[in-house]
Structures are given as C-alpha cells and as structure tokens.
Amino acid sequence: MLEKPRFPAFFPHPLLRDQHAMTIAGSMLPRPSGPFDSISEKKWLAVDSQTSILLELNVQPDRVKPVLVMVHGLSGSSQSPYMLGVAQKAFLQGWSVIRINIRNCGGSEKRTPTLYHAALTDDVEATFDYIAKEFPLAPIALAGYSLGGSIITHTVAKWGKQLPPNLKAMVCVSTPFNLVSTSRTMHKGFMNRMYMKKFLLGFVKSMKNKAAEYPELYPQDAGYGYEDFYSFDKQWTAPSFGFDSASDYYDRASALHVIPKIEIPTLIIHSEDDPLVPYCEPTREAVENNPNLRLLLSKHGGHCGFFGAQAANSLTWADADRWWAENRVIEYCAFRFEKAQNTQ
C-alpha cells in the first residue's frame, strides 16, 4: 500500500451540485443496511454514578479484529444515516463497530441530569475504558461527523501523548473546529435558519424529556423560547458547564485551539461549499502546522453529504457505493490499520 493513500477525487451527483441539495440528501437518503442494523447489540454504559450512554455494537467473533468507534453530530444518534453507512462498510471489512450515542441522544435524556457540548470528552473516554477491557488487543480508530468530530478531537487532544496504546487513527468529517465562525454562519441566510429551526425542534423535544425526568433542574417550559442556537446556549449550555456566556462557550470549546495537541494520524474531510461549517483560515493554519493531520478538501459535498455521481475508485481502492466521504473514512482507517500491523 502507498505511504499515503491517493484518495480518488469527489465528483458530486449532477442533481446535487447545490450545497443545500447535497446537505439535505446526506441527512435524508437512507443507506441500505440489510440485516446489519437488526443484529446490532445495544449496551448501556455507565459514564459516572449519574450518567449512562447508549452504545450500539456490531462485534466480530474475533475480538482481535480492528474496532471503529463512531460519534454522531448535533442532535444525531447511532441511527443517523451516515452512522449506519460507515458502520456497515466497516463491518463488511471485518471490523467491529461501536456507535456512541452522546448523552441525551438516541433517547437517553432520562439517563443523565446533564446536557452535552462540543468539548465534552467524558462519554468517549468511558467508551475507551470499556474497549480496553473487552477488546484489549484490537487496533482502534475514531471517526466523528460534524459536532462528533469536535468531541473526538478534544478527547484525543486531552490524551496528548498518553494515548490508548491501540488507537491508530482518527477521521473528522464536516467538523466545526471554529465554533465562533460556525455560529456566525448558522445565523445567516434563509436556508441556514431553516436548518437551525430543525435542530431547535430537536432541542425542544429533548428538553421536554429532561423536564419530565428532572423537574428540580429543568422547568416545564425549558424547551421553549429559543429563536436560535445563541439563545439556547446562553440559557443552558454555557451556565451548565461553567462558561461565562454563549460567546465564551463558542470560543473556549472550539477544537481549533487543541489541534496542535493531536498526536495520532488524522484525516480531516471537508467541503468548500459546506453551508453550515466554513473551513476558516485559522483552522487551515492549525491543520497545516500539525504534521499528524491531513486535509482532504473537496469543492462540493455540502455538510455531511458527499453523494457522488458514481462509486469512486483508484489504483488501490474501489468504493462500496456513492457515499464518497463514508468510503474515505474506511479507506483511511484500513490504511492506518495495515501500516500499524506492518510495523509491529
């Protein structure tokens, strides 16, 4: 295999060249999973005395086989289409797959009194403690979509040079490394307001569930009165986690600040036309200055979209389907797993 895989270029489906059409397609089009999802095992994992998270596992009989750990985006879950798409491809590679539902996601609001945010590492750290016991010899890779990419970046940066010994790679797709610029973008334009409204509807449902389970912490009207992300984060996210304000949260929780601390091979997949998450210059500079990171930036792809005109292929790789970014996650992790095995 090549020292660095030469990834095939992305050519969007001709009907999805528009950034919004691609973004909507990525979130709405189902991935054919056949019997894969029906054989997933659900496990509640205790993070601490008050919080449990829901994992969905597809485990190979041989627990020495590689493990791919996945984290979804804002208001997503282990059932998000991109999560199922990547997970099935990984399982067909012969890997075990663990899809994490971050606290409050995947129907877990009643399993924790807390909320979550872009730099909260506890859930991923607890999952790795579980993996160390159940898969002690398996090589591991991390993949995060959107906000999940921020969470895993903060986690790996927190570990620094004290990484889990079997962690070989990380992949971040459409990740908001700079929450300040992302917030500004999300509050501009009609379509972005529509996306935000959809997210807020999810927040309303989640907060209603929190209020029903924890009335001493969340009033019955906790799910109402939010016009945008800023108002929600000002009311709940910032004070819940010790940030001075929503603006302070966006600044301090930006993974941009911890990129220099990433010590494992990492692939960053992003599109220039992402309507929600601009790939800003400070992020570009931080990525370029860390030799452990590699940027794969396409002209098209939207946010977590990347549905191609056809399945891509190269001299060393043939994609399983048209979902270009999902296949790049698998290709890169396969490359890192093989390289790690060859250097043992």
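What counts and how
- Residues numbered from 1 in each chain as written.
- Predicted model: local features only at pLDDT ≥ 70, side-chain atom pairs only at ≥ 80, totals over all residues.
- Heavy atoms only, no water.
- Pairing = 2+ DSSP bridges.
- Helix = DSSP H or I, 4+ residues; strand = E, 2+ residues; numbered from the N terminus.
- Axes fitted to C-alpha atoms, helices over the stretch in contact; angles between N-to-C directions.
- Expected span 1.5 Å × (residues − 1).
- Buried < 20%, exposed > 50% of the residue type's maximum accessible area, 1.4 Å probe, protein only.
- Contact = heavy atoms within 4.5 Å.

Explanation requested: the sheet that holds strand E5 (residues 140–145) in the structure shown.
Backbone-to-backbone hydrogen bonds join strands into a sheet, with any given pair of strands oriented parallel or antiparallel. The sheet built from eight strands is open, its strands ordered E1-E2-E4-E3-E5-E6-E7-E8 with mixed pairing. A strand with exactly one partner marks an edge of an open sheet, and here the two such strands are strand E1 (41–46) and strand E8 (293–298). Averaged over all adjacent pairs, the angle separating strand axes in this sheet is 20°, with direction ignored. Sheet topology places strand E3 (residues 67–71) next to strand E4 (residues 96–101); five bridges connect them, and they run parallel. Looking across to E4, one finds that Val-69 is bridged to Ile-98.

Which parts of the structure should I look at to understand helix H6 (residues 190–213)?
For an α-helix, 3.6 residues make a turn, and residues three or four places apart therefore share a direction. With 24 residues, H6 extends 35 Å from end C-alpha to end C-alpha; this agrees with the ideal 34 Å at 1.5 Å per step. Inspection of H6 places Asn-192, Tyr-195, Met-196, Leu-200, Phe-203, Ser-206, Met-207, Lys-210 and Ala-211 among the buried residues, and these make up the whole buried set. Here the buried face of H6 lies against helix H1 (19–28), helix H5 (179–186) and helix H7 (229–240).

I keep staring at H1 and nothing clicks. Help me out?
Regarding H1, the residues found buried are His-20, Met-22, Thr-23, Ala-25 and Gly-26. Those residues of H1 hidden inside the fold are in contact with helix H2 (81–92) and H6.

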